[in-house]
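Structural overview for review
Next come the chains, spelled out residue by residue.
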Amino acid sequence: MADVLLSALLPVVMKKATDRLLQQFGVIWGMEEKLETLERTLLAIQSILGDAENRQAKDPAVKRWLAALKDAAYEADDILDEFNVEAMRRKTQIQIDMSKKVRSFFSLHNPVWFRFKMGQKLKEIVQKIDEIAAERIRFGFTVTTQPQNRDRPQTHSYIDESNVIGRDEDKEKIVKLLLDHDRNQKVAVLPIVGIGGLGKTTLAQFVYRDKRVEKHFQLLIWVCVSDDLDVANHIQKKKEYDVAKVARKIITSATGDECNLETMELLQRRLREVVSGKRYLLVLDDVWNEDQAKWDELKTLLATGGEGSRIIVTARNEQVSSIMGTLDAYRLKVLTEDDSWTLFRKRAFEEGAEEHQSLVSIGKEIVKKCGGLPLAVKALGSLMHSKSQEKEWLSVRDSEIWDMQVSEDGILPALRLSYGHLPSHLKQCFAFCAIFPKDYEMEKDLLIQLWMANGFIPSGGRKELEDKGHEIFNELASRSFFQDIKEVEGHAGFYGFFVCSREVYYITTCKMHDLTHDLAKSITGNECLNIVEPAMLEDVSRKTRHLGTSGHLTWNIHRTLNTSPNIRTLLSSLSTTRSNRTIVTADSSKPRSLRALALDDYKIRRLPISIGFLKHLRYLDLSCTGIEALPDATTTLLNLQTLKLSNCDELRKLPEDMRNMSNLRHLYIDGCDNLKQLPAGIGQLSSLRTLTKYIVGNDAGRRIGELNSLDLGGFLELYNLRNVRDAADAKEANLSSKHNLRSLILCWDMIAWDDSCYRSSAPDVCKDVLHVRNAEEVLEALRPHDGLKLLAIWRYGGDRFPTWMMDSLLLQNLIEIHLGACAGCDHLPPLWQLPVLKFLYLIKMGSVRHLCSSTIYGNASNGTLQAFPSLERLVLHTMQSLKEWSEDEKTVEVMLVFPHLAELKIINCPNLMTIPKLPSLKSLSMKGTNKQLGLVHSLTALSSLEIEVDKTSNGTESPPLAQEKKMFFRDFRSLENLTITASEDLAPLLEEEEMEGLSSSLHHLEVGRCNWLFSSSQQASSPLGFWKNLTSLQSLDIHHCDDLVYWPEEEFRGLNSLKSLTIWYCNKLVGPLSSSSSGDGELLPNLEELNVCRCDVLLELPKLPATLRELLVQHCPKFNSMTEGLRHSTALNRIYITDCPSLRSLPEGIEQLTALKYLVICRCSNLSYLPQGMQGLTALKGLNIGECPRLSSLPEGLQQRLPGLQRLRIEGCPNLERQYAKGGRYWDLISRIPVTGTLSESRSNFSTFPPSFSCF
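Along each chain, the written sequence defines residue order, and numbers are assigned to residues from 1. In keeping with the model being predicted, local features are shown solely for residues with a pLDDT of at least 70 and side-chain atom pairs are shown and tallied solely at 80 or more, while totals for entire chains, interfaces and linings include all residues. Note that the side-chain values use all heavy atoms of the structure and ignore hydrogens as well as water.

Details of the overall build of the chain
When you go through the chain residue by residue, the secondary structure sums to 33 helices and 43 strands. The buried share among the 1256 residues of the chain stands at 58%. Counted over contacts in the chain with a minimum sequence separation of 6, partners at least 24 positions apart contribute 67%. Secondary structure elements follow DSSP: runs of H or I of four or more residues count as helices, runs of E of two or more count as strands, with numbering from the N terminus. Here the term buried applies to any residue with accessible area under 20% of the maximum for its type, exposed to any over 50%, and partly exposed to those in between, with areas from a 1.4 Å probe on protein chains only. Contacts are assigned to residue pairs with any non-hydrogen atoms lying within 4.5 Å of each other.

Observations concerning the packing of aromatic side chains
Each Phe, Tyr or Trp ring (for Trp, its six-membered ring) is paired with any other whose centre lies within 6.5 Å, and the angle between the two planes then decides the class: stacked below 30 degrees, edge-to-face above 60, tilted in between. Taken as a whole and judged by the stated rule, the model has 22 aromatic pairs. Here Phe-1014 and Trp-1027 contribute two aromatic rings whose centre-to-centre distance is 5.7 Å and whose plane-to-plane angle is 40°, an arrangement assigned as tilted. Pair noted here: Phe-1014 is in the loop between β34 (1004-1008) and α28 (1024-1028) and Trp-1027 is in helix α28, with a separation of 13 residues, a long-range link. For the pair Phe-1014 and Trp-1027, one class covers both residues: buried. Members of the aromatic cluster, joined through ring pairs, are Trp-341, Phe-344, Phe-349 and Trp-393.

A look at the pattern of salt bridges
Any two side chains of opposite charge can pair, on the condition that their charged atoms come close. By convention in these notes, a salt bridge is any Lys or Arg side-chain nitrogen within 4 Å of a carboxyl oxygen on Asp or Glu. Enumeration over the complete set of coordinates arrives at 53 salt bridges. For the salt bridge of Asp-71 with Arg-545, the shortest nitrogen-to-oxygen distance reads 3.2 Å. Here the residue Asp-71 occupies a position in helix α4 (residues 60-95), and Arg-545 occupies one in the loop between β9 (528-531) and β10 (546-549), the gap between them amounting to 474 residues. Classification of Asp-71 as partly exposed rests on a relative accessible area of 25%. Judged by relative accessible area, Arg-545 falls into the buried class, the value being 6%. Residue Glu-464 pairs with Arg-665 through a salt bridge whose shortest N-O separation is 2.6 Å.

Section: the sheet that holds strand β2 (residues 219-224)
Any two strands with at least two DSSP bridges between them are considered paired. As summarised here, the arrangement of the five strands in space is β2-β3-β4-β1-β5, forming an open sheet in which the pairing is parallel. The two strands at the open ends of the sheet, each matched to only one other strand, are β2 and β5 (330-331). Inspection of the sheet shows strand β3 (residues 280-287) paired to strand β4 (residues 309-315) by five bridges, in the parallel sense. Counted as the bridge partner of Leu-282 is Ile-311 from β4. Axis definition: a line fitted to C-alpha atoms, limited for helices to the stretch in contact. Angles are taken between N-to-C directions and run from 0 to 180 degrees. Sitting on the sheet, helix α8 (residues 200-208) is in contact with β1 (187-193), β2, β3 and β4, with an inclination near 165° to β2.

Topic: the confidence of the model for the chain
Across the chain, each position has a pLDDT score giving the predictor's confidence in that residue, from 0 to 100. Overall, the predicted model of the chain reaches an average pLDDT of 82, with 83% of residues at or above 70. Below pLDDT 50 for its whole length, residues 149-161 participates in 34 contacts with residues either more than four positions away or in separate chains. Here residues 229-240 is modelled with pLDDT under 50, and outside its nearest four sequence neighbours on either side it reaches 25 contacts, counting other chains as well.

A few points about the environment of Tyr-419
Counting through the fold element by element, Tyr-419 comes out in helix α19 (residues 413-420). With sequence-adjacent residues up to four places away left out, Tyr-419 is seen in contact with Asp-3, Leu-5, Lys-427, Phe-430, Phe-481, Leu-519 and Ile-523.

Section: unusual backbone geometry
Notably, Asp-484 is not glycine yet its phi reads approximately 50°, a positive angle. Within the secondary structure layout, Asp-484 lies in strand β7 (residues 483-487). The phi dihedral of Phe-868 falls on the positive side, at around 45°, and the residue is not glycine. Under the relative-accessibility criterion, Phe-868 is labelled buried at 3%.

Focus on the packing of helix α11 (residues 243-255) against helix α13 (residues 292-302)
Angle between the axes and distance between the axes are the two parameters that describe a pair of packed helices. Here α11 crosses α13 at 30°, and the two axes come no closer than 10 Å. The angle between the axes of α11 and α13 places the two elements in the roughly parallel class. For the pair α11 and α13, the crossing hand works out as right-handed. Contacts between α11 and α13 involve Val-243, Val-246 and Ile-250 from the former and Lys-294, Glu-297, Leu-298 and Leu-302 from the latter. Of the residues that constitute the contact of α11 with α13, the class distribution is five nonpolar, no polar and two charged. Oblique is the label for every angle not falling under 35 degrees (roughly parallel), over 145 degrees (roughly antiparallel), or within 65 to 115 degrees (roughly perpendicular). Left-handed describes a crossing in which the near helix is turned anticlockwise from the far one by less than a right angle; the clockwise case is right-handed. Note that Gly is not counted as nonpolar here; it falls among the polar residues with everything else outside the nonpolar set of Ala, Val, Leu, Ile, Met, Phe, Trp, Tyr, Cys and Pro and the charged set of Asp, Glu, Lys and Arg.

Comments concerning the packing of helix α15 (residues 337-348) against helix α17 (residues 374-385)
Between α15 and α17, the shortest axis-to-axis distance is 7 Å and the interhelical angle comes to 30°. With respect to each other, α15 and α17 are oriented roughly parallel. Of the two possible hands of crossing, α15 and α17 adopt the one that is right-handed. On α17, the residues touching Ser-340, Leu-343, Phe-344, Arg-347 and Ala-348 of α15 are Pro-374, Val-377, Lys-378, Leu-380, Gly-381, Ser-382, Met-384 and His-385.

Topic: the sheet that holds strand β6 (residues 442-443)
Spatial ordering of the open sheet is given by β6-β8-β7, a layout of three strands whose pairing is antiparallel. The sheet is open, and its two edges are formed by β6 and β7, each paired on a single side. In this structure, β6 lies alongside strand β8 (residues 508-511), joined through two bridges in antiparallel fashion. Among the inter-strand pairings, Met-442 is bridged to a residue of β8, identified as Cys-510.

A word on the nonpolar core
Counting residues in each nonpolar core, the largest one holds 214 residues, and the members touching the most others are Trp-885, Ile-1038 and Leu-1061. In this text, buried Ala, Val, Leu, Ile, Met, Phe, Trp, Tyr and Cys residues form a nonpolar core when linked through side-chain atoms within 4.5 Å. Counting residues in each nonpolar core, the second largest holds 86 residues, with Trp-341, Phe-349, Ala-453 and Leu-515 among its members.

Quick look at helix α20 (residues 424-432)
Among the nine residues in α20, nine count as buried, and that is most of the element. Taken together, the buried positions of α20 are Ser-424, His-425, Leu-426, Lys-427, Gln-428, Cys-429, Phe-430, Ala-431 and Phe-432.

Points about the side chain of His-1039
Along the chain, the position of His-1039 falls in strand β35 (residues 1035-1039). With relative accessibility at 7%, the residue His-1039 sits in the buried group. Between N or O atoms, a polar contact is any pair within 3.5 Å; within protein, one atom must be a potential hydrogen donor and the other a potential acceptor, and residues adjacent in sequence are included only when both atoms are from side chains. At 2.9 Å, the side chain of His-1039 forms a polar contact with the side chain of His-1040. Sequence-distant contacts of His-1039, defined by excluding residues within four places in its chain, comprise Thr-981, Glu-1006, Val-1007, Gly-1008, Arg-1009, Trp-1064, Tyr-1065 and Cys-1066.

Focus on the environment of Met-452
Along the polypeptide, Met-452 turns up in helix α21 (residues 444-453). Note on Met-452: relative accessible area 5%, which makes it buried.

Some words on the pairing of strand β32 (residues 944-949)
In this sheet, β32 lies alongside strand β31 (residues 923-928) in parallel orientation, the contact comprising six bridges. Opposite Gly-928, over in β32, you have Val-949 as the bridge partner.

Overview of a positive patch on the surface
Residues form patches when they are more than 30% accessible in relative terms and have no salt bridge. Like charges link within 9 Å. Nonpolar side chains (Val, Leu, Ile, Met, Phe, Trp, Tyr) link within 5 Å. Surface exposure here means Shrake-Rupley accessible area, sampled with a 1.4 Å probe, where a residue is shielded only by the protein chains that are shown. Two residue types count as positive, namely Lys and Arg, and two as negative, namely Asp and Glu; His and chain ends fall outside the count. By convention, the charge on Lys lies at NZ, on Arg at CZ, on Asp at CG and on Glu at CD. A contiguous patch of positive charge, built from Lys-117, Lys-121, Arg-542 and Arg-592, is present on the exposed surface. With respect to the helices and strands, the residue Arg-592 is situated in the loop between β13 (581-583) and β14 (596-598). Residue classification places Arg-592 among the partly exposed positions, given a relative accessible area of 43%.

Observations regarding α11
To estimate the expected span of a helix, count its residues, drop one, and scale the result by 1.5 Å. Spanning 13 residues, α11 covers 18 Å between terminal C-alpha atoms, matching the ideal 18 Å at 1.5 Å per step. Among the residues of α11, Val-243, Ala-244, Lys-245, Val-246, Ala-247, Arg-248, Ile-250, Ile-251 and Ala-254 are the ones counted as buried. On its buried side, α11 packs onto β2, α12 (264-275), β3 and α13. Just downstream of α11, Gly-256 is the residue with a positive phi angle, here 80°.

Some details on the environment of Ala-133
Mapping Ala-133 onto the fold places it in helix α6 (residues 111-134). Put simply, Ala-133 and Leu-69 are 64 residues apart on the chain and 7.6 Å apart in space, counted from C-alpha to C-alpha. Excluding residues that lie within four positions of it along the chain, Ala-133 makes contacts with Thr-41, Ile-45 and Trp-65.

Topic: the pairing of β31
Among the six residues of β31, five are classified as buried, and the element is accordingly described as predominantly covered. As defined by bridge partners, strand β30 (residues 903-907) adjoins β31 across five bridges and the pair is classed as parallel. In the sheet register, Glu-903 faces β31, and the bridge partner there is Ser-923.

Points about the state of the cysteines
In this description, the term disulfide denotes a pair of cysteine sulfurs within 2.5 Å. Under the definition given, this model contains zero disulfides. No disulfide involves Cys-747; its sulfur sits 9.9 Å from that of Cys-822, the nearest cysteine. Here Cys-1066 is not disulfide-linked; the sulfur of Cys-1041 is the nearest cysteine sulfur, at 5.0 Å.

This is the structure we're talking about:
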């Protein structure tokens, strides 16, 4: 049963009751006496709460008394909050001179009526709390004091999780088992078994990160399984995983891209493709499944891995081991007493400090009670670090909690003991984390903002709330309640890696051990819930205060808020896959206590809850939505602290009176590209700590000086710097004093700083920069502090960079630099010497001739010279003058080395003809001329290569390749991904003997504008040798090959491993040869997916293999026949036919497709007939027919299948719509389908229907 935690709430209520502003207005309103009575009562209760909370575990009556008191305290908090809001409104009215406009804006209530109504509420709640408080006498509580924090050195805030104690021998044994070549087991499963808290996960991580393991396995995959429970087993309190969820997680971990596939059919195909042929190591952490059939299903999908693949399973249950293991289980033992003491000692005592012998003796007794469990030892060691008195250590040693047995949920007494010694506000902050799902990566800043919104962080004193929040986080981390703490070092928005905010370098994340998460859940019960399955919504009640949702879930926010009006936190987007769906309708919910609301990443165009019901709101996240404007009344949310609108593409304006939102601390508006002007007076938001975007204006209240007194941190984009008048004006921004800024982007106009300018296919997307007369003095005056981690200078019109960029000490902490469209600058700052720079992007730097100046040569040693010591990714894009990596390199006999560069992109740099030594390079993308192909000859360790050979600057083709041939593919034996886009004859580089090295490694190939690769082209030499060696190819993408007229049967003849084929923009492709000989032997015998798109003259498809599971034909205006193509493809799971106006019917015999689950036919304007016999489509779950106006009826066979569908959509087909709409002739056939839609009657949750694929 959940604990009642009240000691953290009462100080919040007391703080509000004694607020100076409220006290002032309380006298005017006649509330002074009631507020004083409430304060006295709460103070009396606070003194005995420690004893009451300790006794509730053994005395149900005490627990009921605490619960009643807590409900009353929440009610009082809401009432006092309303008083405070009204007092802030009145104060604002006075401060802005009571203009008519402002009076009408703020006077939303009749003051007399407000005083009467709220006075009555206050009177009732004071009386209610008095009555409950009076009952405390019969319990005989004793006065206690709360545990206090001890000041801790900042350097001990985080724990080095890699410093594992006592597991070296275990690691060596497991690594040996993994690397052992047992030819009898292609994919072997090793279970690591032990009780909770024993360190199974830590050991698996220890092994996973071992250098030998990383080198041996081609693919490393980590999946936490513990929270992937299916709904049936949730109800039965059993823990068995959902195979689809686990498969989705494996795909995501292996590819680095979120997997949102919903059906098991698509998942199994994608999973087999991901692991196929690769020697992988998969860790399935914290498995509870005891269902043999479920494991067999997953094991079958994983069996396509390469020989020597291994799966580690960590589990507490021996039954799991016996079901899943193929190798003998590794039974992890407890730590020895010596190792336990070493671990405890590191946590409990300051490094280098004197250890009092009495505390050492007591500590060793405490360690014995931990039973060798690392989690318990760490928790207790961290706890004792905060205690310096012998009596405090004795109290822990002799606590009654040690006598408690490990509970059903496996929660250790040591964890409960450690939790019990937390100060009350730390208990509340920790317990709140139950709102997140297990194994969720929690953001430190998000946690702090939510703690602030709920009043969990004690206010008062000189420290900012955020600083106190950081201390709370660090304290919980140091006590081992948080683990896996890391600072994210990467960036968002570039090369397909997308998140809703670009704040990166100051984002710290953490996780909770599953037992620690169980502890948080046991404390909060239904008060704090995370919903992962629809059945769990039944747990939501009037007692629920904090609610988060994750997983694949459709639910109605308004119904939840109306049935549970006491909810204070609602986070509807905690899923890592962004797959949960929320139904929202306009202004229908009436929450009365909401403090935090997150609706990010949903398709809403306006705030769906009336502002009048959000008066308590402190945190609002509408990022990545379609919202166009916030209501003007948003500025009456005077409690609002955090407003997140990042990446709201449609947002065009913010409310003009935002300067009145005196409590606003964090405003996120980065990625709002249609927002061209900010409200005047941003500088009046004196509490503001985060402002991710500021647009400099010309008029009063919008100048750069508005930033002067704001203590901003994190991420800041400055746009329209051309409006800065001069250096004095620029200095008004006061950037050098903003020591908490971590990312600074300086842009001279309104062209967005985003990823579009980095795409190799769009070199001209950035317009030319106009020279700005004062640009150099302005940039000089915008000198930042020395703690920046990201710096971008975008569309700068000066001729030289500022002197502060030549100061390596000022830039010494930079991790990422972007310099773009700075056309006048011909010299770069000495970036090559920055010690921690990892990512460097240079685009449209048209005057730059070299990256490093000649001063670099002073560091040469033994004929080599290291530059950019930490650089991992370098992008050089559209730099016409770039000729050298270092100045005068042709006259200096020194080899330039970039020691850690792993990814290099050279796009449109036609004069760069050399390359430095790159010992760590794995990925190269190069768009240039034929002459530059020689740059690749020494990079034989590449795993990914993208080459685009373009025309020369005068519009002619580059001269043909000569002696560079010998430099090319022969030695590239590690290449897995190859992209070639070229309009020239590069066939000499791709002859049979040149491609032999790729036969076993190459898995993914994309070719564009490569007519010479097909025998139908007019080439002197046959290209078949190229295709002959691609025996391991799994994915093939062909585009813009206009000489491709017929299906390339000869080229495809040997591609027996191919699983995915995409052909697009091949404008002369007609289809198969009429005299096709493909019947002599099946082509592409393992093909599973075929996508043909924008092939203008395509008439029909060839014979398709029996293995095909998904077929897409899109934007092919002459396509008119599917008969031959579908005849043998009985395994087809999905068919998408869109934008094919010549298609008049589907083929007879389609009833043979008994595995077909989804059929989508859209925008086929001449489709008038569907064949009979479609009752044979027994697996059909979804049908989408859109904009096929000539289709007037569905065949009887298909009508028989309709009642069994899960999803149906008919749109843009007038005759059909009338028949199947509500009240229509066939409504009864479809009325029970869960998800339906017509043009006139479309349900709001219909977005779940599988979308048609975009066509590039």
